[in-house]
Amino acid sequence: MSLVKIEGLCKSFGGLEVLRDISLDVERGEVIALIGKSGSGKSTFLRCINGLEQMNSGTIHVDAEPVEADERKLQKLRLKVGMIFQQFNLFPHLTALDNTALALRVVKNMSAAEARAVGLARLEKVGLGHRADSRPHQLSGGQQQRVAIARALAMDPVVLLCDEVTSALDPELVEEVLQVIRRLAEEGMTVIMVTHEMSFARSVCSRVVFMHEGRLHEMGHPEEVFGNPKTPELRQFLGQTASAATAE
Amino acid sequence: MIQSFDFSALSDYSDVVRHGVYITLLLITVGAALGLAVSILCVWARLFCPAWVRIAVTSYVEFVRNTPFLIQLFFIFFGLPQLGVSMSEMTAAIVAMAINLGAYGTEIVRAGVQATAKGQWEAATSLGMTRNQAFWRVVLMPALQKMWPTLSSQIVIVMMGSAVVSQIAVQDLTFAANFIQSRTFRAFEIYFVVTAIYIVLAALVRLALRLIGRWVLATGEVP
Ligand SMILES: Nc1ncnc2c1ncn2[C@@H]1O[C@H](COP(=O)(O)OP(=O)(O)O)[C@@H](O)[C@H]1O
Ligand SMILES: [Mg+2]
């Protein structure tokens, strides 16, 4: 069975249909780029996978574990799914190390020493072992996002969901975060990421998924999707992002 | 005719004043600690308890905020014994202060929790925490930090309001003042001195609260 298996996923907010009958299988080690216009449902899609949004119909399995509304079952599922947010969402009152160690203590019931060891190892992995005692506000945006990645990795997830993780960063800080994700991808981590970094998607991702009006409109290998887009919507979207990039 | 002032008459009563200061500080220390605990528990209850508990908490908060402190105190000290709940003057005073601060504190802490970015809850639950764990480990501390100046002001307000506990014969600073006044008839002098002492106490309590805010709340290690 695929690592992430999504079948017939539908989601509406009130009368607004945001996700329409989405099915997608993600294999272990795949890196998927989700692209599409703002409002096309990319964030909602990611948030359904770890149960932050409740789907209306359809099924999602992660590592054979079904996503269900029940809090206890969700908790178990979320141990397998790491989520990284656009706004980092670090815990402001905790140091970088405590940010990575807190859930190990609270959720995995690790001893303080064990949790610190794991937390520190993950911080080192994102190149921030030396900032373990810094508070979030003492770190740059890029460093904060790397701590957020370390925090997610500390739980040993089988898949990472990244929602525009570089969109809140100053341009010169984007690369250090992408670098970390690139390394994770090389090590075989399964990643589903919403991104506007087309060159990154092209060079790192195994598959690109174009969302349009709540549907998986077109998907395929990056070379195909970027080099030979089949639908007019994707052509138009790529045209817009290309001209936006040149305009910058 | 303007009387000449005579502060020396007060010197015989310095022990009474000292005891009054001690009682007032004791009341506010214990009352504030309990009141904060009540506030936090009420905010927690409003988030996690069934509807009837939430309604009870809301009623409690509204009841306290719409009645005078003196009436709350009399109710606890004179009223409750009729229901078989009697306590010493000191206990009644502390309970009244905790209940009073608890109600205002609930609204203040709740505002802090409500102002917490949704992303904090989401980050915590995405890591596998329950909402309850997220509340205690992630949301509460920054909310208290954010609202600490407002909470501190409220604690000082309650401390000033505590003067009325002298009405049930708790021997606080105001009780001492009234007592000395009745003995010496040096009203101006004694109330002048006691006013000054209250100002100093308020300043000290504010300072202590600032230090607590800085040292205790700012070091949010994983417990
Ligand atoms: N909590 C919500 N309540 C109501 N509407 C929402 C909510 N979250 C998202 N939406 C709507 O769902 C649509 C898809 O949003 P989103 O998934 O954030 O798109 P994207 O991430 O692709 O920009 C948008 O029209 C948005 O306004
Ligand atoms: Mg989005």
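The rules behind the values
- Residues numbered from 1 in each chain as written.
- Chains lettered and ligands numbered in written order.
- Predicted model: local features only at pLDDT ≥ 70, side-chain atom pairs only at ≥ 80, totals over all residues.
- Heavy atoms only, no water.
- Helix = DSSP H or I, 4+ residues; strand = E, 2+ residues; numbered from the N terminus.
- Buried < 20%, exposed > 50% of the residue type's maximum accessible area, 1.4 Å probe, protein only.
- Contact = heavy atoms within 4.5 Å.
- Lys, Arg positive; Asp, Glu negative; His and termini not counted.
- Charge placed at Lys NZ, Arg CZ, Asp CG, Glu CD.
- Pairing = 2+ DSSP bridges.
- Domains from an automatic or database assignment.
- Buried area = accessible area lost by both parts, 1.4 Å probe.
- Salt bridge = Lys/Arg side-chain N within 4 Å of Asp/Glu carboxyl O.
- Polar contact = N/O pair within 3.5 Å; in protein donor to acceptor, adjacent residues only side chain to side chain.
- Nonpolar A, V, L, I, M, F, W, Y, C, P; charged D, E, K, R; others polar.
- Phe/Tyr/Trp six-rings, centres within 6.5 Å; stacked < 30°, edge-to-face > 60°.
- Lys NZ or Arg CZ within 6 Å of the ring centre and 35° of its normal.
- Axes fitted to C-alpha atoms, helices over the stretch in contact; angles between N-to-C directions.
- Near = heavy atom within 4 Å.
- Areas by Shrake-Rupley, 256 points an atom, 1.4 Å probe, with all protein chains shown as cover.

Looking at the overall build of chain B
Thinking step 1. When helices and strands are tallied, chain B shows 8 helices and 0 strands.
Thinking step 2. Secondary structure elements of chain B occur, N-terminal to C-terminal, as α-α-α-α-α-α-α-α.
Thinking step 3. Expressed along its principal axes, the backbone C-alpha trace of chain B runs to roughly 75 × 40 × 30 Å.
Thinking step 4. When the 223 residues of chain B are sorted by exposure, 46% land in the buried category.
Thinking step 5. Across chain B, every contact between residues at least 6 apart in sequence was considered, and the portion connecting residues at least 24 apart equals 78%.
Thinking step 6. Placing the 14 positive and 10 negative side-chain charges of chain B at their respective mean positions leaves the two points 14 Å apart.

Focus: the pairing of strand β4 (residues 57-62) of chain A
Residue and element names in this part refer to chain A.
Thinking step 1. With 5 bridges joining them, strand β1 (residues 4-13) and β4 adopt antiparallel strand pairing. From the neighbouring strand, Glu 7 faces β4, where its bridge partner is Thr 59.
Thinking step 2. Bridge count between β4 and strand β5 (residues 65-66): 2 bridges; the pairing is antiparallel. Counterpart to Val 62 in the pairing with β5 is Glu 65.

Some thoughts on the domain arrangement of chain A
All names here are of chain A.
Thinking step 1. The domains assigned to chain A are domain 1 (28-54 + 68-80 + 159-248) and domain 2 (91-156).
Thinking step 2. For domain 1 versus domain 2, the distance between C-alpha centres works out to 24 Å.
Thinking step 3. Taken together, the contacts link 13 residues of domain 1 with 15 residues of domain 2.
Thinking step 4. Between domain 1 and domain 2, the buried area comes to about 1100 Å², and carbon and sulfur atoms account for 70% of it.
Thinking step 5. Its largest share of buried area at the contact with domain 2, domain 1 owes to Leu 79, Glu 176 and Val 180, together 40% of the area lost on that side.
Thinking step 6. Where domain 1 packs against domain 2, one counts 2 salt bridges.
Thinking step 7. The interface formed by domain 1 and domain 2 includes 5 residue pairs in polar contact (both at pLDDT 80 or more).
Thinking step 8. For the side of domain 1 that touches domain 2, the leading source of residues is helix α6 (residues 171-186), giving 7 residues.
Thinking step 9. Among the residues making up the side of domain 1 that touches domain 2, the classes are represented as 10 nonpolar, no polar and 3 charged.

Thoughts on the packing of aromatic side chains
Thinking step 1. Evaluation of the coordinates by the stated rule reveals 10 aromatic pairs over all chains.
Thinking step 2. On the numbers, 4.9 Å between centres and 70° between planes, the contact of Phe 77 of chain B with Phe 78 of chain B is edge-to-face.
Thinking step 3. Residue Phe 78 of chain B is classed as partly exposed on the basis of its relative accessible area, which comes to 46%.
Thinking step 4. Ring geometry for Phe 135 of chain B and Trp 136 of chain B: centres 5.0 Å apart, planes at 85°, overall edge-to-face.
Thinking step 5. When its relative accessible area of 34% is taken as the criterion, Trp 136 of chain B is described as partly exposed.
Thinking step 6. Three or more aromatic residues joined by ring pairs make a cluster, and in this case those are Phe 5, Phe 7, Phe 188 and Phe 192 of chain B.
Thinking step 7. Seen from the ring of Phe 91 of chain A, Arg 151 of chain A lies directly overhead, with NZ or CZ sitting 4.4 Å from the centre.
Thinking step 8. Positioned above the aromatic ring of Trp 121 of chain B is the side chain of Arg 131 of chain B, whose terminal nitrogen or guanidinium carbon lies 4.5 Å from the ring centre.

Points about the sheet that holds strand β6 (residues 81-84) of chain A
Residues and elements named next belong to chain A.
Thinking step 1. Spatially, β6-β7-β8-β3-β9-β10 is the arrangement adopted by the 6 strands of the open sheet, whose pairing is mixed. Single-partner strands in this sheet number two, and they are β6 and β10 (215-220). If you compare each strand with its neighbour and ignore which way they point, the axes differ by 20° on average.
Thinking step 2. Of the strand pairs in this sheet, strand β3 (residues 31-36) and strand β8 (residues 190-194) are connected by 4 bridges, and their pairing is parallel. Across the sheet, Ile 32 pairs through a bridge with Ile 192, a residue of β8.

Topic: the environment of Gly 29 of chain A
All names here are of chain A.
Thinking step 1. Tracing the backbone shows Gly 29 in the loop between β2 (16-26) and β3.
Thinking step 2. Between the alpha carbons of Gly 29 and Met 189 there is a distance of 5.2 Å; along the sequence they are 160 residues apart.
Thinking step 3. Ignoring sequence-local partners within four residues, the contact set of Gly 29 consists of Gly 188, Met 189 and Thr 190.

Comments concerning the side chain of Ser 134 of chain A
Thinking step 1. Mapped onto the fold, Ser 134 of chain A is located in the loop between α4 (112-125) and α5 (141-154).
Thinking step 2. For Ser 134 of chain A, a relative accessible area of 9% translates into the label buried.

Structural notes on the interface of chain B and chain A
Thinking step 1. Contact with chain B, which involves 25 residues of that partner, is made by 26 residues of chain A.
Thinking step 2. For the pair chain B and chain A, the summed buried area comes to about 2100 Å², and 59% of that belongs to carbon and sulfur atoms.
Thinking step 3. Taken together, the links from chain B to chain A amount to 1 salt bridge.
Thinking step 4. In this structure, the salt-bridge partner of Arg 47 of chain A is Glu 122 of chain B, at a minimum N-O distance of 2.7 Å.
Thinking step 5. The interface formed by chain B and chain A holds 8 residue pairs in polar contact (both at pLDDT 80 or more) in total.
Thinking step 6. For the side of chain B that touches chain A, the secondary structure elements donating two or more residues are α5 (118-126) and α6 (131-161) of chain B.
Thinking step 7. Residue contributions to the side of chain B that touches chain A peak at 8 residues, all from α5 of chain B.
Thinking step 8. In terms of residue class, the side of chain B that touches chain A is made up of 10 nonpolar, 10 polar and 5 charged.

As for the site of ligand 1
Residue and element names in this part refer to chain A.
Thinking step 1. Lining the immediate environment of ligand 1, one finds Phe 13, Leu 16, Val 18, Lys 37, Ser 38, Gly 39, Ser 40, Gly 41, Lys 42, Ser 43 and Thr 44.
Thinking step 2. In the environment of ligand 1, an oxygen atom lies 2.7 Å from a nitrogen or oxygen atom belonging to the backbone of Gly 39.
Thinking step 3. Contact between ligand 1 and Thr 44: an oxygen atom at 2.5 Å from a side-chain N or O atom of the residue.
Thinking step 4. In the complex, 61% of the free accessible area of ligand 1, which totals 560 Å², lies under the protein chains.
Thinking step 5. Broken down by secondary-structure element, the contributors of at least two residues to the shell around ligand 1 are β2 and α1 (42-49).
Thinking step 6. A per-element tally of the shell around ligand 1 places α1 first, with 3 residues.
Thinking step 7. Its residues assigned to classes, the shell around ligand 1 comprises 3 nonpolar, 6 polar and 2 charged.

Here we look at the pattern of salt bridges
Residue and element names in this part refer to chain A.
Thinking step 1. This model, assessed by the stated rule, comprises 19 salt bridges over all chains.
Thinking step 2. Note that Arg 122 and Asp 156 form a salt bridge whose closest N and O atoms lie 3.0 Å from each other. Taken together, the residues Arg 122 in helix α4 and Asp 156 in the loop between α5 and β7 (159-163) connect sequence positions 34 residues apart.
Thinking step 3. Note on Arg 122: relative accessible area 18%, which makes it buried.

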